[in-house]
Amino acid sequence: MNSLKFLFEIEKKPRKGLLAVEWVVMGYLLLTLLLMLFTYTKIQDPEPMLWGRFRIVMMTLALWAVYRMIPCRFTHLCRIVAQLALLSWWYPDTYLLNRIFPNLDHVFAGYEQQLFGCQPALFFAQSWSHPVFSELMHLGYVSYFPMIALVTLFYFFCRYKEFDRTAFIILTSFFIYYVIFIFLPVTGPQYYYLAAGIENIAQGIFPNVYDYFATHNQPLPMPGYSDGFFYHMVENAHAAGERPTAAFPSSHVGVTTILMILAWRSGNRILFYGMLPLFVLMCLATVYILAHYAIDVLGGWVSGIVIFAVLHFLYGKIWPIRK
């Protein structure tokens, strides 16, 4: 009963305009529309992209209207969850835009070789194939969206005054990474190693594949125990939405780094230490399954910390937390 009262109690000071997360979505939508305008002749089949953006605008306005009619915490939550759910739609969209630019995997694979003297992703995948280890890696990788949901809902139910700021930080961090992915087209080992040839990679040869990924999106088979439950979960997720895009920096690592900071700041140590093993597995798994170079993980840690600090400060300046 108390939970229902919490969800449907009418807010004393309902928000009149768009939420911070909705302004971010509109800003990203406008930015990508401008990019599409200047590169329209190079984009393959842009009509579905335009239609998709129109539907997102209509959905945002419809949810705003429902909230204005029933300004309670439940309709507030629906507005934010809807935008978070659409992140899976925006992600493949980065591939449709960044494939018009020259691929840069040969540069990043070269940096990887210079820094580590080898390709850690290739070594890791080939050397550790025990079923238990493989399943732990894939468990870490599939924990990504549950961790996002856990932190978001924790703040909603337990730290409601900070809920909007938390949602803003999480969602905006995604769009910052998406902008990077559009203008920095790096696909990661699972795509580049196949395009360049495993023999070349093993010998430290990293050919420039130019616009190869504009027309090819076939990845290498995932390493590990192929009959595993979590292996199949990752495999199915990749089949549904993975594209040759979004390698550097790792948004999986960057966003989960931000989630760990939010978990720590929440003051709930059970939340933080409960997520910590999954965070460690996540960082290892991104390299193990060939999704990322090791330098992508380093980039994810650094960018996650910087993005959190900037967004936390920015929100406080633009949308102060209500007392």
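In what follows, the accompanying structure is described. Worth saying up front: this structure is predicted, and the values here are computed from it rather than measured.

## Thoughts on the nonpolar core
As a rule of thumb, soluble globular proteins bury nonpolar side chains together. Of all hydrophobic cores here, the largest spans 93 residues; its most connected members are Trp 90, Phe 175, Tyr 178, Tyr 192 and Tyr 193. Counting residues per element, this core draws most heavily on helix α10 (residues 163–183), at 12 residues. The contact partners of Phe 175, leaving out residues within four places of it in the chain, are Val 24, Val 25, Tyr 28, Leu 87 and Trp 90.

## With respect to the environment of Ala 82
Within the fold, Ala 82 resides in helix α4 (residues 73–85). As for Ala 82 and Val 66, which are separated by 16 residues in sequence, their C-alpha atoms are 13 Å apart. For Ala 82, the contacting residues outside a window of four places in its chain are Met 59 and Leu 63.

## Examining a nonpolar patch on the surface
A cluster of nonpolar side chains, Leu 115, Phe 116, Leu 298, Trp 301, Val 302, Val 306 and Val 310, forms an exposed patch at the surface whose accessible area comes to about 630 Å². Secondary-structure elements contributing two or more residues to the nonpolar patch are α6 (105–116) and α16 (294–318). The leading source of residues in the nonpolar patch is α16, at five residues. Within the fold, Val 302 resides in helix α16.

## Remarks on unusual backbone geometry
Of note, the amide linkage connecting Phe 248 to Pro 249 takes the cis form, showing an omega dihedral of -15 degrees. Locating Pro 249 in the fold gives a position in the loop between α13 (229–241) and α14 (251–265). For Tyr 210, which is not glycine, the phi dihedral falls at a positive 55 degrees. Mapped onto the elements of the fold, Tyr 210 is located in the loop between α12 (198–202) and α13. A relative accessible area of 55% places Tyr 210 in the exposed class. Of note in this structure, Ala 246 is not a glycine but carries a positive phi near 65 degrees.

## Examining the side chain of His 252
Mapped onto the fold, His 252 is located in helix α14. A distance of 3.5 Å separates the side chain of His 252 from the side chain of Tyr 141, its partner in a polar contact. In contact with His 252, other than residues within four places in its own chain, are Tyr 141, Tyr 144, Met 282 and Thr 286.

## Comments concerning the packing of α6 against α16
Angle between the axes and distance between the axes are the two parameters that describe a pair of packed helices. Between α6 and α16, the shortest axis-to-axis distance is 9 Å and the interhelical angle comes to 90 degrees. Comparing the axis directions of α6 and α16 gives the class roughly perpendicular. Two secondary-structure elements touch here, α6 through Phe 108, Tyr 111, Glu 112, Leu 115 and Phe 116 and α16 through Ala 294, Ile 295 and Leu 298. Within the contact of α6 with α16, the residues separate by chemical class into seven nonpolar, no polar and one charged.

Rules used in this analysis
Per chain, residue numbering runs from 1 following the sequence as it is written. Two thresholds apply to this predicted model, a pLDDT of at least 70 for residue-level local features and 80 or more for giving and counting side-chain atom pairs, whereas whole-chain, interface and lining totals are computed over all residues. For side-chain calculations, the full set of non-hydrogen atoms in the structure is used, while hydrogens and water are omitted. Residues grouped as a nonpolar core are buried Ala, Val, Leu, Ile, Met, Phe, Trp, Tyr and Cys residues, joined through side-chain atoms within 4.5 Å. The cut-offs for exposure are 20% and 50% of the maximum accessible area for each residue type, with area from a 1.4 Å probe on protein chains only; residues under the lower value are buried, those over the upper are exposed, and the others partly exposed. Comment: elements are numbered from the N terminus, with helices defined as DSSP H or I runs of at least four residues and strands as E runs of at least two. Contact criterion: two residues are considered in contact whenever any of their non-hydrogen atoms come within 4.5 Å of each other. Patches were defined on residues exceeding 30% relative accessible area and lacking a salt bridge, with like-charge contacts within 9 Å and nonpolar side-chain contacts (Val, Leu, Ile, Met, Phe, Trp, Tyr) within 5 Å. Throughout, the Shrake-Rupley method with a 1.4 Å probe supplies accessible areas, and for residues the shown protein chains are the sole cover considered. One speaks of a salt bridge when a side-chain nitrogen belonging to Lys or Arg is within 4 Å of a carboxyl oxygen belonging to Asp or Glu. In protein, a polar contact requires one atom able to donate a hydrogen and another able to accept it; more generally it is a pair of N or O atoms within 3.5 Å, and residues adjacent in sequence count only if both atoms are side-chain atoms. Helix axes are fitted only over the stretch in contact, all axes being lines through C-alpha atoms; the angle between N-to-C directions runs from 0 to 180 degrees. Throughout, the term roughly parallel applies to angles under 35 degrees, roughly antiparallel to angles over 145, roughly perpendicular to angles from 65 to 115, and oblique to all others. Side-chain classes follow a simple rule in which Ala, Val, Leu, Ile, Met, Phe, Trp, Tyr, Cys and Pro form the nonpolar group, Asp, Glu, Lys and Arg form the charged group, and the remainder, Gly included, forms the polar group.

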